Amino acid sequence: MEDSSPKPDSSWQSVGSEDPIDAHPVCDSNPRSVPGNLFRMEDMALLHHWITVAGHSILETYDLGHYWHSVIPSIGFEHQYVIHSILSLSALHIAHTRPPNREGLLHISSEHRSKALDGFTEDLQHVSIANSTALFANTTLTFFYAFASFSRSFEDEGSDSNARISQVLGKEWISLVRGTAAVLELVYIHVREGPLRSFLELRKFTELDLTEYIHGSDLGARLQDFKRIWSTDEHAEVYNETLDLLLRCNAWMEQFDLMTDEAQSAFGYNRVCSGPFIWLICTPEKYIVLHQQRQPPALIIFAYYGVLLHRLDNYWWAEGCGRSIVNAADACLGPYWSGLLFWPKQIVGSA
């Protein structure tokens, strides 16, 4: 979808090419002490980078970009923890290019992430119409932080392979994304009337005809056929429900492939990029438990979720995530199941 969408005016890119972040010691791993409620000049450089560069890179879709580089920062001006989340992602975006000061940038990102979490947690104790949109905005920013945290861009090349598998399949980043549902339940009534109301719309998601899709999609047919593998398993119902949701999310993403920009705009904010998020948020909690137990059917489904996520590989925050998921699942399952994962490995470039 995004590849066919008009790009933002390129004039802002020239600003980013001489970004003040490169000339300023923002990545000093031991920044000078500043009162906790104040921002440093280095932080202002990160905010500048977000507004002029990084905020445009989240979706790279012209008619949606204003949410990231304009609307959400304006929310942050009244709720400081949202600004900290923005600065954390901005630092990660710069670190994505692997500059010499990459480690310092990751430290700065972690520092702002911690401050954002503190303010967010405090605000959650007093949910109201005044802070609901900020809570939701912060949670949405966490989506991208969660994926970026294990994307290829931030993989430690010297890390132990087992540690990497644990990170990719671990529940930490999954919990970050799934926590959105709990927050949304608290703030939905207010967010639906605010500037981020388009984020809540899922036009015709539940109306998709999966029967037609299964017969017309290579992935759909493969997934449907898997049900026979666990037909006698005590958790077959959970696996089937999870698989059907994966089918629906993939159908949701594929419908945009042939749409014009005008047709896509009618869907509001949630378009192709929403597919992987929807699945991870809505999949049954029992499945997540089975996944954490490394049950083979759960890992097979998760590997195919990696294929879904791989469709977003052109985004810096998702680069390599789908491939990492497929490889981690394959490593856990071993040779007995390798035939079932040959196709996913081909799709993500691991075969």
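Residues numbered from 1 in each chain as written. Predicted model: local features only at pLDDT ≥ 70, side-chain atom pairs only at ≥ 80, totals over all residues. Heavy atoms only, no water.

The protein carries the name Sequence-specific DNA binding RNA polymerase II transcription factor in an unreviewed UniProt entry, which gives Didymella heteroderae as its organism.

Let us now look at the packing of helix α7 (residues 132–148) against helix α9 (residues 171–191). One can describe the packing of α7 onto α9 by two numbers: an axis separation of 9 Å at closest approach and a directional angle of 160 degrees. Put simply, α7 runs roughly antiparallel to α9. Considering how the two elements wind past one another, α7 and α9 form a crossing that is left-handed. Contacts between α7 and α9 involve Ser132, Thr133, Leu135, Phe136, Thr139, Thr142, Phe143, Tyr145, Ala146 and Phe147 on the former and, on the latter, Trp173, Leu176, Val177, Thr180, Val183, Leu184, Val187, His190 and Val191. (Axes fitted to C-alpha atoms, helices over the stretch in contact; angles between N-to-C directions. Helix = DSSP H or I, 4+ residues; strand = E, 2+ residues; numbered from the N terminus. Parallel < 35°, antiparallel > 145°, perpendicular 65-115°, else oblique. Left-handed = near helix turned anticlockwise from the far one by under 90°. Contact = heavy atoms within 4.5 Å.)

Within the secondary structure, Ser128 sits in the loop between α6 (102–124) and α7. With 58 residues separating them in the primary sequence, Ser128 and Leu186 have C-alpha atoms 9.1 Å apart.

Here the protein averages 85 in pLDDT, while 87% of its residues score no lower than 70. When the criterion is pLDDT under 50, residues 1–20 qualifies, and its contacts beyond four places in sequence or with other chains add up to 38 contacts. (pLDDT = per-residue confidence, 0-100.)

Attention now goes to the packing of aromatic side chains. Here the structure, examined in full by the defined rule, presents 30 aromatic pairs. Where Tyr336 meets Trp337, the ring centres are 5.1 Å apart and the plane angle is 85 degrees; that geometry is what we call edge-to-face. Its relative accessible area of 72% is what places Tyr336 among the exposed residues. Arg113 extends its terminal NZ or CZ atom over the ring of Tyr145, reaching a point 4.9 Å from the ring centre. A cation sits over an aromatic face here: Arg203 above Phe267, 4.8 Å from the ring centre. (Phe/Tyr/Trp six-rings, centres within 6.5 Å; stacked < 30°, edge-to-face > 60°. Buried < 20%, exposed > 50% of the residue type's maximum accessible area, 1.4 Å probe, protein only. Lys NZ or Arg CZ within 6 Å of the ring centre and 35° of its normal.)

The subject of this paragraph is unusual backbone geometry. The backbone of Lys204 shows a phi angle near 65 degrees, a positive value even though the residue is not glycine. Among the structural elements, Lys204 can be located in the loop between α9 and α10 (210–216). The exposure class of Lys204 is partly exposed, given its relative accessible area of 44%. Although it is not a glycine, Arg294 sits at a positive phi angle of roughly 65 degrees. Looking at the secondary structure, you find Arg294 in the loop between α15 (285–292) and α16 (296–310).

Here we come to the packing of helix α11 (residues 218–225) against helix α12 (residues 236–254). Look at α11 against α12: their axes get within 10 Å of each other, and the N-to-C directions meet at 175 degrees. When the interaxial angle is binned, α11 and α12 end up roughly antiparallel. Of α12, the residues touching α11 (which contributes Leu219, Gly220, Leu223 and Gln224) are Leu243, Asp244, Leu246, Leu247 and Asn250. Grouping the amino acids of the contact of α11 with α12 by side-chain chemistry returns five nonpolar, three polar and one charged. (Nonpolar A, V, L, I, M, F, W, Y, C, P; charged D, E, K, R; others polar.)

We now examine helix α14 (residues 274–282). Of all nine residues that make up α14, seven are buried, and the element is covered over most of its length. Of all the positions in α14, only Ser274, Gly275, Pro276, Phe277, Ile278, Trp279 and Leu280 are classed as buried. In this structure, the buried residues of α14 make contact with α7, α9, α12, α15 and α16.

This part takes up α9. Roughly 50 degrees is the biggest bend found in α9, and it falls at Glu185. The complete set of buried residues in α9 reads Trp173, Ile174, Val177, Arg178, Thr180, Val183, Val187 and Val191. (Bend = angle between axes of the 7 residues up to and from the residue.)

Moving on to the nonpolar core. One finds Trp68, Phe147, Leu196, Trp279 and Trp317 to be the most contacted residues of the largest nonpolar core, which totals 105 residues. For Leu196, the contacting residues outside a window of four places in its chain are Tyr67, Val71, Ile72, Ile75, Thr133, Phe136, Ala137 and Val191. (Core = buried A, V, L, I, M, F, W, Y, C linked by side-chain atoms within 4.5 Å.)

Another point: the side chain of Asn138. The residue Asn138 is located in helix α7 in this model. Judged by relative accessible area, Asn138 falls into the buried class, the value being 2%. Setting aside its immediate chain neighbours within four residues, Asn138 contacts Tyr81, Val82, Ser85, Ala116 and Phe120.

Turning our attention to the pattern of salt bridges. Scanning the entire structure with this criterion turns up ten salt bridges. A salt bridge links Glu285 to Arg178; its shortest N-O distance comes to 2.8 Å. Note that Glu285 is positioned in helix α15 and Arg178 in helix α9, a separation of 107 residues in sequence. The class for Glu285 is partly exposed, based on a relative accessible area of 49%. With a relative accessible area of 15%, Arg178 lands in the buried category. Look at the salt bridges and you will find they share partners, linking Arg40, Asp43 and Glu111 into a network. (Salt bridge = Lys/Arg side-chain N within 4 Å of Asp/Glu carboxyl O.)

One pass over the structure, following the stated rule, counts zero disulfides. Unpaired in this structure, Cys249 has its nearest cysteine sulfur neighbour in Cys282, at a distance of 7.1 Å. (Disulfide = S-S within 2.5 Å.)

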